[in-house]
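# Fold and contact review
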Amino acid sequence: MSALGEPWSTGASRDGEGSLHVAGVDVRALAAEHGTPAYVLDEADLRERARAYRQAFEAAFAAIGAGVDVYYAGKAFLSVAVARWVHAEGLRVDTSTGGELAVALRAGVPGEHVGLHGNNKSDAEIARALAAGVGRIIVDSLPEVERVATAARAAGGAPAPVMVRVTTGVHAGGHEFISTAHEDQKFGLSLAAGEGEADSPAMTALLAAVASPDVELLGIHSHIGSQILDASGFEVAAAKVLALRAELAERTGVLVPEVDLGGGYGIAYLPGEVALDPERVARDVAASVAAAAHELGTPLPRFSIEPGRAIVGPAGLTLYTVGTVKPVRLDDGRVRTYVAVDGGMSDNIRPALYGADYHAELAGRRSTAEPVLARVVGKHCESGDIVVHEVMLPGDVRAGDLLAVAATGAYGRSMASNYNMVPRPPVVAVADGGTRVLVRRETEDDLLALDQG
Ligand SMILES: *Cc1c(COP(=O)(O)O)cnc(C)c1O
């Protein structure tokens, strides 16, 4: 057995015949039992990443005298078991819809450890969150302050705990961040006042929250992007949020107790890529916020972060069976081998949606055939139905081969669709040599059950 390393989960290895194993389970046996395509989730890997993020941030922030909570961003992938695992590892759960909230609650995550996001929450979602006693509702617009206050009044309970989501102008993803004053996006409230406006939209919403007896303003929230591989964007955004907090305190006497720095911690998708190291980013961000708060002369708030992809992405792979293999001659004379698998854009939309790159390997056998330039495609009626744009695969890749695509745990199943009336694959957890179905495969009967004829 030899371990594979990134971008595969820590439990991935190959046996003497070249077959891929995850957590002691041979993917040939897994495919025989559960079919393909299937999402395979390495439980120990996921739990270890959850623990690593919590411990890294707790240690780094304790060193500057601040507390920190880690919320798992459930939109990356949420099921009852995953919510239980991350909660058992000391994380809380962020949800962004009533559906995600329902999963977290079904898992038994206590309401006070759940957050509710969303730029367009329904009244029903807000009411349900309040009834569940969620720890925080992240308010995303000025009217929402009043809507949450009204719902809290109607519920007759305590004031609703809220954070106000702001846009700092910092956008990060990859190694660079950019900074703009005015943001052209639907999320959050800008820190920049428009011409002729006394206050920024962010400050206006914060003042409204302070003034309302029916909401309890916990703090300020900022989320700057995704697949971030460097701490600098977080540091710049955090400094802006801390400055806003100090300004609010100066104007109202209310120093809000919490600041959330959002998610977006980057992972390795391809061999040779290096994930953001939680210990390093925690140390860098902690040092930076300590310096910023010191300069402002304000005590540090309690912090929170919201990693999603970094917890579940590397823990997952997708197992496919190869069907049609078709060599296609390119204009430059090269040949590209199109390798079609039994899934595609319905189980992984990210290549089509973002041009995202993935890595694939033959999973069920070893091959000594000369590698060829390949493109892994799906079975959908769409030429953009690409799973892996470019990868070298053994030249004898053929129908019936198992193919594994690495690091599909985040935003794979959670963004899956039924395009072309394809049933969505199951999520099969592996641990200690055994498998457990977390989400079963959809069937044609499931699809037809919705059709009223
Ligand atoms: C998407 C999102 C996250 C998680 O992002 P990852 O890239 O999966 O870490 C966290 N917080 C908010 C507000 C988000 O929208």
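A quick note: this is a predicted structure, and the numbers were derived from the prediction, not measured.

Check the secondary structure of the chain and you find 12 helices and 25 strands. For 453 residues, the compact-globule estimate of 2.2 N^0.38 gives 22 Å, and the C-alpha radius of gyration of the chain, at 23 Å, lies within 12% of that figure. Oriented by its inertia axes, the alpha-carbon framework of the chain measures out at about 70 × 50 × 45 Å. Residue burial in the chain is summarised as follows: out of 453 residues, 54% are buried. Within the chain, contacts between residues at least 6 apart in sequence are counted, and of these 69% link residues at least 24 apart. Of note, the chain has its 39 positive side-chain charges centred 4 Å away from the centre of its 58 negative side-chain charges.

Residues in contact with the ligand amount to 15 residues; listed here are only the nearest, Lys 75, Gly 264, Glu 306, Arg 309 and Tyr 411. Note that an oxygen atom of the ligand is positioned 2.6 Å from one of the side-chain N or O atoms of Tyr 411. Out of a free accessible area of 390 Å², the ligand has 93% covered by protein chains. For the ligand, the cavity whose grid points lie within 2 Å of the majority of its atoms is the largest pocket. Broken down by class, the residue content of the shell around the ligand amounts to four nonpolar, seven polar and four charged.

Turning next to the pattern of salt bridges. Per the stated rule, a full pass over the model turns up 29 salt bridges. One salt bridge in this structure joins Arg 280 and Asp 284, with 3.8 Å as the shortest N-O distance. Linking Arg 280 with Asp 284, this pair stays in helix H9 (residues 278-296), spanning four residues, or about one helical turn. The exposure class of Arg 280 is exposed, given its relative accessible area of 52%. Residue classification places Asp 284 among the partly exposed positions, given a relative accessible area of 26%. Here Arg 365 ties to Asp 396 by a salt bridge, and the two come within 3.1 Å at their closest N and O atoms.

A separate point is the layout of surface pockets. Empty space within the largest pocket amounts to approximately 1,200 Å³. Ala 73, Lys 75, Ser 96, His 223 and Tyr 411 are, among the 50 residues lining the largest pocket, the residues nearest its centre. Grouping the amino acids of the lining of the largest pocket by side-chain chemistry returns 13 nonpolar, 25 polar and 12 charged. When residues of the lining of the largest pocket are assigned to domains, at least three fall in each of domain 1 (2-35 + 315-450) and domain 2 (44-312). The calculated volume of the second largest pocket comes to roughly 240 Å³. What lines the second largest pocket is a set of 15 residues, and nearest its centre among them are Glu 6, Arg 49, Ala 275, Pro 278 and Ala 310. Of the residues forming the lining of the second largest pocket, the biggest block, five residues, is contributed by helix H2 (residues 43-62). Taken together, the residues of the lining of the second largest pocket sort by class into nine nonpolar, two polar and four charged.

In many analyses, interface size is given as the accessible surface area lost on bringing the parts together. Annotation of the chain at the domain level lists domain 1 (2-35 + 315-450) and domain 2 (44-312). Taking only C-alpha atoms into account, the centre of domain 1 sits 33 Å from that of domain 2. When the area that domain 1 buries against domain 2 is broken down by residue, the three leading residues are Glu 6, Ala 315 and Tyr 411, summing to 30%. Counting across the domain 1 and domain 2 interface gives zero salt bridges. Counting the contacts that link domain 1 with domain 2 gives seven residue pairs in polar contact (both at pLDDT 80 or more).

Glancing now at the sheet that holds strand E4 (residues 25-26). With antiparallel pairing, four strands are arranged side by side in an open sheet as E1-E2-E3-E4. Strands with a single pairing partner mark the edges of an open sheet, and in this sheet they are strand E1 (2-3) and E4. Here two bridges tie E1 to strand E2 (residues 12-14), and the two strands are oriented antiparallel to one another. When the sheet's bridge partners are listed, Ser 2 is paired in E2 with Arg 14.

What follows deals with the sheet that holds strand E12 (residues 176-179). Within a sheet, adjacent strands bond to each other through the backbone by hydrogen bonds, running parallel or antiparallel. In spatial order, the strands read E12-E11-E15; together these three strands make up an open sheet with mixed pairing. Of all the strands in the sheet, just E12 and strand E15 (225-228) have a single pairing partner and so form its edges. The average undirected angle you get between the axes of adjacent strands in this sheet is 25 degrees. Where strand E11 (residues 170-174) meets E12, four bridges bridge the pair, whose relative direction is antiparallel. Its bridge partner being in E12, His 171 is matched across the sheet by Ile 178.

Calculation notes
Residues numbered from 1 in each chain as written. Predicted model: local features only at pLDDT ≥ 70, side-chain atom pairs only at ≥ 80, totals over all residues. Heavy atoms only, no water. Helix = DSSP H or I, 4+ residues; strand = E, 2+ residues; numbered from the N terminus. Rg over C-alpha atoms; globule rule 2.2 N^0.38 Å. Buried < 20%, exposed > 50% of the residue type's maximum accessible area, 1.4 Å probe, protein only. Contact = heavy atoms within 4.5 Å. Lys, Arg positive; Asp, Glu negative; His and termini not counted. Charge placed at Lys NZ, Arg CZ, Asp CG, Glu CD. Near = heavy atom within 4 Å. Polar contact = N/O pair within 3.5 Å; in protein donor to acceptor, adjacent residues only side chain to side chain. Areas by Shrake-Rupley, 256 points an atom, 1.4 Å probe, with all protein chains shown as cover. 1 Å grid on protein atoms, 1.4 Å probe; cavity = no way out; pocket = protein on both sides within 12 Å on 5 of 7 lines; lining within 4 Å. Sits in = over half its atoms within 2 Å of the grid points. Nonpolar A, V, L, I, M, F, W, Y, C, P; charged D, E, K, R; others polar. Salt bridge = Lys/Arg side-chain N within 4 Å of Asp/Glu carboxyl O. Points joined across faces, edges and corners; volume = space filled by probe spheres on them. Domains from an automatic or database assignment. Buried area = accessible area lost by both parts, 1.4 Å probe. Pairing = 2+ DSSP bridges. Axes fitted to C-alpha atoms, helices over the stretch in contact; angles between N-to-C directions.

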